[in-house]
2 protein chains.
Amino acid sequence: MKSPKDMRELFRNNEHVGTTSNMCPNYLQTNLISLPYEYAFDFLLFCFRNPKSCPVIDVLEPGQVEPSIAIGADIRSDLPKYRVYQNGEFSREVFNIAEEWNERYVTFLIGCSFTFEKALTEKGIQLLHQEQGSVIPMYRTNIPCHPAGPFSGNMVVSMRPLKPEEVDHAVKITSRFETSHGSPVHIGDPKEIGIDDLNQPDYGEPVDMDDDRIPVFWACGVTPQNVLQNARLPKFISHAPGYMLITDQFEET
Amino acid sequence: MKSPKDMRELFRNNEHVGTTSNMCPNYLQTNLISLPYEYAFDFLLFCFRNPKSCPVIDVLEPGQVEPSIAIGADIRSDLPKYRVYQNGEFSREVFNIAEEWNERYVTFLIGCSFTFEKALTEKGIQLLHQEQGSVIPMYRTNIPCHPAGPFSGNMVVSMRPLKPEEVDHAVKITSRFETSHGSPVHIGDPKEIGIDDLNQPDYGEPVDMDDDRIPVFWACGVTPQNVLQNARLPKFISHAPGYMLITDQFEET
């Protein structure tokens, strides 16, 4: 089993590109947002007001690239893939953001539900996106976030289809992972939270599921990408959805 | 019994000036910091990194004066007393900050241990500063905070002398008030946390205590005053230590 450090090195050298779901089980994984210092207060306040979708794990000082929870890492290269947004539009995906970045950028690490997936699978709960080797499906919802300064918008969620008898157990298990989105925000009918078609996720890939499975939705750290796009920042950078930072922090379950 | 709104009105009209300890029992009381927008990110980050001394209850938008947890209030007038700091020095105490304030100020409300005092007294734990009608004593310690940007310094604590048989109970009771500093940070010998003389508090007033009582120390929301002074901001405003904002939020115990 490769360590978080080993995996980050593979990503750094572009020797592996893929979703980090099921990698380094039980190690804390995080979403990443890097944005210019002048937006940092309002964004941190947005996170404080929306702890379910934006649980802040760490904030780096302006210009800092090595998180205290990922020693030796450089957040500009050590994730498998990034997204660059300009003027509110998705611009491009890249494998390294060194050229995109500057000393005035502040980086936010935000909890990710991949952190609790091992705790589910070791209790026998099968995760179809892992079985099918695809990027977990994520959807924009109609659940409003609490605004802060220029930032407002709706929550993004990730979805895992579970067997009916697994749902209660999954709620209990994930509720313990408070800084990795915790318990689900919705269980069942996707239309109730504004999702028309599970086969057309806004991020990630659709998952094949039998009719007897129930879709279970967790708050997702891609929410900031949605919200920052709405605010039409001149520029910001994020991880590519599903391609996370793997930290050195082991999460006890 | 006067409501929080009644008390805020008395303070607004300068019809009462005194410590808010023992006022509106079980209603959430908060520390106040108002500072220029350009320092707001680093200060919010400082609070995030120091949740024990700086538990953020609410942050108002720049220029906002009415907190959502104190309807009808104006934070510029509705506390009994304020402090103005300039260039890192305490400048003066005032009863109203309308003339000190401007639209670029961001206001932070930070939890206060007065919130849990009723939960202690209703279990029969006598609080000497209340009995003696004095402002609770507060001390600068040698316990370092986690720095953020230009902000660093040591924790300030409040002290309540308890009977030995009360200490365990007080720890249990206050640990439930997580956003009001929670359990004590130190119990016993003040020298261990850098306090030379309990009779010379840095804020508030000394309390008379018998030798059989044990000093119990809680993290205190005056910590930011200490830290912001160190950073020598051109100007910031706080509540006067012991003279808090009383909010409409009732805290279940």
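Residues numbered from 1 in each chain as written. Chains lettered and ligands numbered in written order. Predicted model: local features only at pLDDT ≥ 70, side-chain atom pairs only at ≥ 80, totals over all residues. Heavy atoms only, no water.

By the naming in an unreviewed UniProt entry, chain A is Putative hydro-lyase EDC24_1518, taken from Aquisalibacillus elongatus. Under the Sequence similarities (unreviewed entry) heading, UniProt states for chain A: "Belongs to the D-glutamate cyclase family." (UniProt positions renumbered as here; feature names shortened; annotations may be inferred.)

Draft legend 1. The arrangement of the overall build of chain A in detail. If you tally the helices and strands in chain A, you get six helices and 11 strands. Taking the principal axes of the C-alpha coordinates as reference, chain A spans close to 50 × 40 × 30 Å. Burial statistics for chain A: of 253 residues in total, 60% are counted as buried. For chain A, the proportion of contacts with a sequence separation of at least 24, taken over those separated by at least 6, is 78%. Here chain A holds 22 positive side-chain charges and 35 negative ones, and the gap between their average locations is 2 Å. (Helix = DSSP H or I, 4+ residues; strand = E, 2+ residues; numbered from the N terminus. Buried < 20%, exposed > 50% of the residue type's maximum accessible area, 1.4 Å probe, protein only. Contact = heavy atoms within 4.5 Å. Lys, Arg positive; Asp, Glu negative; His and termini not counted. Charge placed at Lys NZ, Arg CZ, Asp CG, Glu CD.)

Draft legend 2. Structural view of empty space enclosed by the protein. Residue and element names in this part refer to chain A. Applying the stated criterion to the full structure yields four cavities of 30 Å³ or more. N22, P25, F114, E117 and K118 are, among the 14 residues lining the largest cavity, the residues nearest its centre. The element contributing the most residues to the lining of the largest cavity is helix α3 (residues 117–121), with three residues. For the lining of the largest cavity, the residue count by class is five nonpolar, seven polar and two charged. Counting the residues that make up the lining of the largest cavity, at least three belong to each of domain 1 (4–114 + 231–250) and domain 2 (116–223). (1 Å grid on protein atoms, 1.4 Å probe; cavity = no way out; pocket = protein on both sides within 12 Å on 5 of 7 lines; lining within 4 Å. Points joined across faces, edges and corners; volume = space filled by probe spheres on them. Nonpolar A, V, L, I, M, F, W, Y, C, P; charged D, E, K, R; others polar. Domains from an automatic or database assignment.)

Draft legend 3. Highlighting the relation of the copies chain B and chain A. Overlaying chain B with chain A gives an RMSD of 0.0 Å, the required rotation being 180° about an axis along which the chain moves by 0.0 Å. The symmetry that links the two subunits is that of a two-fold axis. By C-alpha distance to the rotation axis, the residue of chain B lying nearest is F41 of chain B, at 2.0 Å. Mapped onto chain A, 100% of the interface residues of chain B again fall at the interface, so both copies present the same surface. (Least-squares fit on C-alpha atoms with pLDDT ≥ 70 in both.)

Draft legend 4. Up close: the interface of chain B and chain A. Taken residue by residue, the interface counts 19 residues in chain B and 19 residues in chain A. A combined buried area of about 1,400 Å² lies between chain B and chain A, and 62% of that area is made up of carbon and sulfur atoms. When residues of chain B are sorted by the area they lose upon contact with chain A, F41, F48 and E61 of chain B head the list and together hold 41% of the total. For the pair chain B and chain A, the interface holds two salt bridges. E61 of chain A is the salt-bridge partner of R49 of chain B, the closest N and O atoms lying 2.7 Å from each other. Counting every contact that joins chain B to chain A gives eight residue pairs in polar contact (both at pLDDT 80 or more). (Buried area = accessible area lost by both parts, 1.4 Å probe. Salt bridge = Lys/Arg side-chain N within 4 Å of Asp/Glu carboxyl O. Polar contact = N/O pair within 3.5 Å; in protein donor to acceptor, adjacent residues only side chain to side chain.)

Draft legend 5. Spotlight on the pairing of strand β7 (residues 154–162) of chain A. Residues and elements named next belong to chain A. For β7, the tally of buried residues reaches eight of nine residues, placing the bulk of the element in the interior. Relative to β7, strand β6 (residues 138–144) is paired through four bridges, and the arrangement is antiparallel. Among the inter-strand pairings, R140 is bridged to a residue of β7, identified as V156. Sheet topology places β7 next to strand β9 (residues 214–219); six bridges connect them, and they run antiparallel. Among the inter-strand pairings, R160 is bridged to a residue of β9, identified as V216. (Pairing = 2+ DSSP bridges.)

Draft legend 6. Up close: helix α6 (residues 223–230) of chain B. Residue and element names in this part refer to chain B. Along α6, seven of the eight residues are buried, which leaves the element largely enclosed by surrounding structure. When we look at burial in α6, the residues that qualify are T223, P224, Q225, N226, V227, L228 and Q229. Phi turns positive, to about 55°, at R232, one or two residues after α6.

Draft legend 7. How the structure looks around the side chain of S77 of chain B. All names here are of chain B. Within the element layout of this structure, S77 appears in the loop between β2 (56–59) and β3 (82–86). By relative accessible area, which is 9% here, S77 ends up buried. Filtering out sequence-adjacent residues up to four positions away, S77 remains in contact with F11, R12, Y82, F95 and N96.

Draft legend 8. Quick peek at the sheet that holds β7 of chain A. Residue and element names in this part refer to chain A. Here we have four strands laid out as an open sheet, ordered β6-β7-β9-β8, and antiparallel in their pairing. In this open sheet, the two strands that pair with only one neighbour each are β6 and β8 (186–187). Strands in contact with helix α5 (residues 167–175) are β7, β8 and β9; relative to β9, the strand with the most contacts, it is inclined by about 10°. Its contacts with the sheet put helix α6 (residues 223–230) on β6 and β7, and the angle it makes with β7 is roughly 155°. (Axes fitted to C-alpha atoms, helices over the stretch in contact; angles between N-to-C directions.)

Draft legend 9. Structural detail: the sheet that holds strand β8 (residues 186–187) of chain B. Residue and element names in this part refer to chain B. Taken in spatial order, the four strands of this open sheet run β6-β7-β9-β8, and their pairing is antiparallel. Every other strand in the sheet has two partners, leaving β6 (138–144) and β8 as the edge strands with one partner each. The pairing of β8 with strand β9 (residues 214–219) spans two bridges and is classified as antiparallel. Each residue of the ladder has a partner; that of I187, found in β9, is V216. Along the sheet face, helix α5 (residues 167–175) touches β7 (154–162), β8 and β9 and points at about 10° away from the line of β9. Across the sheet, α6 touches β6 and β7, and the angle it forms with β7 is around 155°.

Draft legend 10. Geometry of the packing of aromatic side chains. Following the criterion strictly, the structure yields 22 aromatic pairs over all chains and no others. Seen in terms of ring centroids, Y27 of chain B and F250 of chain B are 5.2 Å apart; in terms of plane orientation they differ by 75°. Their pairing is edge-to-face. Of this pair, Y27 of chain B sits in strand β1 (residues 27–36) while F250 of chain B sits in strand β11 (residues 245–250); the two residues are 223 residues apart in sequence, bridging distant segments of the chain. Take F250 of chain B: its relative accessible area is 43%, and that puts it in the partly exposed class. Three or more aromatic residues link up through ring pairs in this structure, and these residues are Y37, F43, F108 and F151 of chain A together with F41 of chain B. Sitting over the face of the ring of W218 of chain A, R160 of chain A holds its NZ or CZ atom 5.2 Å from the ring centroid. (Phe/Tyr/Trp six-rings, centres within 6.5 Å; stacked < 30°, edge-to-face > 60°. Lys NZ or Arg CZ within 6 Å of the ring centre and 35° of its normal.)

Draft legend 11. Summary view of the packing of helix α2 (residues 40–49) of chain A against helix α2 (residues 40–49) of chain B. Their axes nearest at 8 Å, the elements α2 of chain A and α2 of chain B cross at an angle of 35°. You can see that α2 of chain A and α2 of chain B cross each other, and the crossing is left-handed. Two secondary-structure elements touch here, α2 of chain A through A40, F41, L44 and L45 of chain A and α2 of chain B through A40, F41, L44 and L45 of chain B. In terms of residue class, the contact of α2 of chain A with α2 of chain B is made up of eight nonpolar, no polar and no charged. (Left-handed = near helix turned anticlockwise from the far one by under 90°.)

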